[in-house]
Amino acid sequence: MSEVAQDAKAPREPLFSKKNKKLVTDPLTDNNPVTIQVLGICSALAITVQVEQGVVMGGAVLFVLILGNLFISLMRNLIPSRIRIIVQLVVVAALVIIVNEVLKAFLPDVSEKLSVFVGLIITNCIIMGRFEAFAMANKPWPSIMDAVGNGVGYAGLLILVAVFRELFGSGTLYGYPVFGDYIQGNGLYALGYVNNNMMILPPMALIIVGVIIWVQRSRNKSLVESN
Amino acid sequence: MKFLENIVHKMEPKFAKGGKLEKWHPMFESFTTLAFTPAIVTQKGAHIRDGVDLKRTMITVIMAMVPCLLFGIYNTGHWEMVAAAGDRGLDFWANGGAKFMAGLWVVLPLIVVSYGVGLTIEFIFGFLRGHSLHEGFLVSGMLIPLVMPADVPLWMVGVATAFAVIIGKEIFGGTGMNILNVALTARAFLFFAYPTSMSGDKVWMAGTESKVDGFTGSTALGDLATFMSDKPVFENLEAYTNNYSFFDSVWGMIPGSIGETSLIAILIGALILLITGVGSLRIMASFFIGGYVMGLILNAFGGNEFLDLPAHFHLAIGGFAFGAVFMATDPVTASQTATGKIIYGFLGGLIAILIRVLNPAYPEGVMLAILFMNVMAPIIDHYVVQGNIKRRLKRVKTA
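Keep in mind that what you see is a predicted model, and the values were worked out from it rather than measured.

Novice: Mind showing me how you'd approach the overall build of chain A here?
Specialist: Counting secondary structure elements, chain A contains ten helices and two strands. Listed by position from the N terminus, the elements making up chain A come as α-α-α-α-α-α-α-α-α-β-β-α. Viewed in the frame of its principal axes, chain A has a C-alpha envelope of about 70 × 45 × 35 Å. A buried classification covers 42% of the 227 residues belonging to chain A. Sequence-distant contacts in chain A: of pairs separated by 6 or more residues, those separated by 24 or more amount to 74%. Accessible area of chain A: about 12100 Å², with a carbon and sulfur share of 67%.

Here it is in structure tokens:
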């Protein structure tokens, strides 16, 4: 177990060293799990119709990712590498079941809207990807930082997409009517404004994510692959 | 192009000083420069193209759209008056001048909005990317108003144009790089984003909603689609043809999107495109054949009135002909290879009628079919080229 030996020898670093901070800030911008690594797209397209769903889904993934990364990191030296995927699955499945039950108990409305997508967090590539790529090879604290960075990066993008979709698709923001009442036809609707039905359809989520990727890449040319 | 140039040259002396039409010289001058500058033509060597550049191609297509536009304006005016009177039996040719002006009042703002928004965005992107304004939007900007219903709100046209130019074109690198036809992207966007303003029986005649209670401004296609439901508008096919005869559909004296109704006007445009060599005969012809074949197949199955509609009706109603002539032939988004063009057109026509008839929610299948074939065009080309390579390799081996 050479890893253990290395761990023991390494000098103690401060909790918020530059390296650890980078673990959090990188996934927020230039290594965002959704826009750069293009992971977790499935749920980003499906549940971003309303900001509330995006917030809850982002929170759920953040919770699962932090605890999962912590547990996997703690167990990383005990897991035989041949069955590591199964062990990771057990951890994530247990956490997702907890999240699902909590949502059902305390936020039944949102839970119903999210439906199967809470359960599908198990197959969210971001989570398995962080387990494999980070938690299996790093100590618990950096793993938590990594989980926070990726979880918030994912949640942030979800909310950003959801803001556009809810605002232009339903004329509301977190349930609050921004443009006036659609059914009564006051506010902006009195002037002939109509909600954009396409925003509610999944293809528009894909287009919004695409536009975000486009903007990000035009601002930071180093992200553009050379081919 | 050479053919046109000869005509213009023949006319030139008349406009020169002392000629019969001297007064009109500025107009003649501006037209010829628009159409024939730059005049650089390859003189010798293996080049087979003449000096036709993007601007000349675009202007030719716009000229080809003029008959559709003029007829569309008149037709729009006619149906607006029909809606106002609440009487579908109004004589089509009576009161022509007023109808044309009424139509112009509806169509002109659409054109202004479409060009205004589109060119502004093109200009911004040209500025950001450091290149001059491309002419690519000239045709799209004219096509967009022609595929709109008369009653569509102007701001929607603006939003759709912006969406189509940014998402449909600029995101891929601008003129010549787009995967999807820009004008159809705009229409598809409106169709899915604001379905109440793009379909149904309230939008095809300007001011239907506000004028007469109980009067439906439905189109031929919309009425036909009801055959697929429990409550058809007409009892049977005979009642339908009494209302919209084949003759009416060919002339275009039916409600519909502004530029799409008249088969005659579209065919005049097609002729201009074919004579100048701008449009592809392969695509147009195979598109019509594909639609006709699908019509025959559906006739063979039969079952209800829409399926039994004679196949030639399909070619004259809705946006089928307009799509075949002006949309499917877009040189950027269509297939490039000769065989590919035939496959592309044929499948496009086939799918258009398939969607139109079998999915009553999307009576305008032409739009979706062409967009779908736009996406498929590179694959078609790929296999055509691969097939050609394979055939040639075989020849080398056997020899």
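Novice: Sorry if this is basic, but what is going on with the packing of helix α14 (residues 281-301) of chain B against helix α18 (residues 338-358) of chain B here?
Specialist: Packed helices, taken two at a time, are described by the angle their axes make and the gap between the axes. All names here are of chain B. Where α14 meets α18, the axes come as close as 7 Å, and the angle between the chain directions of the two elements is 40°. Crossing geometry of α14 relative to α18 is assigned as right-handed. Its residues assigned to classes, the contact of α14 with α18 shows 15 nonpolar, seven polar and two charged.

Novice: Help me understand the packing of helix α13 (residues 263-276) of chain B against helix α17 (residues 320-327) of chain B in this model?
Specialist: Residues and elements named next belong to chain B. Interaxial distance between α13 and α17 falls to 10 Å at its minimum, and their mutual angle equals 15°. Considered as vectors, α13 and α17 are oriented roughly parallel to each other. Seen along the crossing, α13 lies across α17 with a hand that is left-handed. Each of Leu263, Ile266, Gly269, Ala270 and Leu273 in α13 lies in contact with α17, whose residues at this interface are Ala321, Phe322, Val325 and Phe326.

Novice: Would you mind showing me how to read the side chain of Asn196 of chain A here?
Specialist: By the element assignment, Asn196 of chain A lies in the loop between β2 (176-177) and α10 (202-219). When residues no more than four places from it in sequence are discounted, the contact partners of Asn196 of chain A are Phe168 and Gly169 of chain A together with Phe189, Ala193 and Tyr194 of chain B.

Novice: Explain the interface of chain A and chain B to me, please; I cannot follow it from the model alone.
Specialist: Interfaces are often sized by the amount of accessible area the parts lose when they come together. At the junction of the two partners, chain A supplies twelve residues and chain B supplies 13 residues. Taken together, both faces of the contact between chain A and chain B bury some 990 Å²; the carbon and sulfur share is 76%. Viewed at the interface, chain B and chain A are joined by zero salt bridges. Of the residues assigned to the side of chain A that touches chain B, the class counts are eight nonpolar, four polar and no charged.

The rules we used
Residues numbered from 1 in each chain as written. Chains lettered and ligands numbered in written order. Predicted model: local features only at pLDDT ≥ 70, side-chain atom pairs only at ≥ 80, totals over all residues. Heavy atoms only, no water. Helix = DSSP H or I, 4+ residues; strand = E, 2+ residues; numbered from the N terminus. Buried < 20%, exposed > 50% of the residue type's maximum accessible area, 1.4 Å probe, protein only. Contact = heavy atoms within 4.5 Å. Areas by Shrake-Rupley, 256 points an atom, 1.4 Å probe, with all protein chains shown as cover. Axes fitted to C-alpha atoms, helices over the stretch in contact; angles between N-to-C directions. Left-handed = near helix turned anticlockwise from the far one by under 90°. Nonpolar A, V, L, I, M, F, W, Y, C, P; charged D, E, K, R; others polar. Parallel < 35°, antiparallel > 145°, perpendicular 65-115°, else oblique. Buried area = accessible area lost by both parts, 1.4 Å probe. Salt bridge = Lys/Arg side-chain N within 4 Å of Asp/Glu carboxyl O.

Just geometry here; none of it tells us what the structure is for.
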